[in-house]
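Single-letter residue listing:
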Amino acid sequence: MLFVGVYLDDLVPVVLPLVIPLAIWVRVQGLSPGSHELRFAVGANGVPQLDGGMTVVVTEGRHASHLTLVGLSVELKDCGHIFLTLTGFPDGQTVHAELPVLKPPETAGLTA
């Protein structure tokens, strides 16, 4: 499994708390041809805020499947991490990925 996203290392918000809109791109390899029912959970600091299911139809198992989750928002109350968990794979595997959220800079939000 390989996760592809915009942020390479971490996210540094200007202020906290914050509700941040998300779009998540996922590249999945190794699914056999056919229909697969996957579940996802998205949240912050270990607390799921959104969950749902999706049907992934694979026509050729040798190619990667690309999943896109758009229109999501996560509430960040403090620094920590945003996470995505995927389940429902035929082999029982659970995939979990995190994006670290760092503390806003001391000068963030100050105006002259």
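Residues numbered from 1 in each chain as written. Predicted model: local features only at pLDDT ≥ 70, side-chain atom pairs only at ≥ 80, totals over all residues. Heavy atoms only, no water.

Draft legend 1. A look at the side chain of histidine 81. You can see histidine 81 is positioned in strand 6 (residues 80-87). Within the structure, histidine 81 has its side chain in polar contact with the side chain of glutamate 98 (distance 3.5 Å). Residues in contact with histidine 81, not counting those within four places in the same chain, are Gly43, Ala44, Asn45, Gly46, Glu98, Leu99, Pro100 and Val101. (Helix = DSSP H or I, 4+ residues; strand = E, 2+ residues; numbered from the N terminus. Polar contact = N/O pair within 3.5 Å; in protein donor to acceptor, adjacent residues only side chain to side chain. Contact = heavy atoms within 4.5 Å.)

Draft legend 2. Region of interest: unusual backbone geometry. Look at the link from leucine 16 to proline 17: it is a cis peptide, with omega at 0°. Within the secondary structure, proline 17 is located in the loop between strand 1 (2-4) and strand 2 (18-28). Here asparagine 45, not a glycine, exhibits a phi torsion of approximately 55°, which is positive. Checked against the element boundaries, asparagine 45 lands in the loop between strand 3 (34-44) and strand 4 (47-58).

Draft legend 3. How the structure looks around the environment of leucine 16. Secondary-structure assignment places leucine 16 in the loop between strand 1 and strand 2. A C-alpha to C-alpha distance of 6.0 Å links leucine 16 and lysine 77, two positions 61 residues apart in sequence. Residues contacting leucine 16, with those up to four places away along its chain left out, are Leu76, Lys77, Asp78, Cys79 and Pro104.

Draft legend 4. View of the sheet that holds strand 4. Pairing is antiparallel in the open sheet, where four strands are placed in the order 4-3-6-7. In the strand order of this sheet, the two ends are held by strand 4 and strand 7 (95-101), each with one partner. In this sheet, neighbouring strand axes are inclined to one another by 15° on average, regardless of whether the strands run parallel or antiparallel. As paired strands, strand 3 and strand 6 are joined by six bridges and run antiparallel to one another. The residue bridging valine 42 from the neighbouring strand is leucine 84, located in strand 6. (Pairing = 2+ DSSP bridges. Axes fitted to C-alpha atoms, helices over the stretch in contact; angles between N-to-C directions.)

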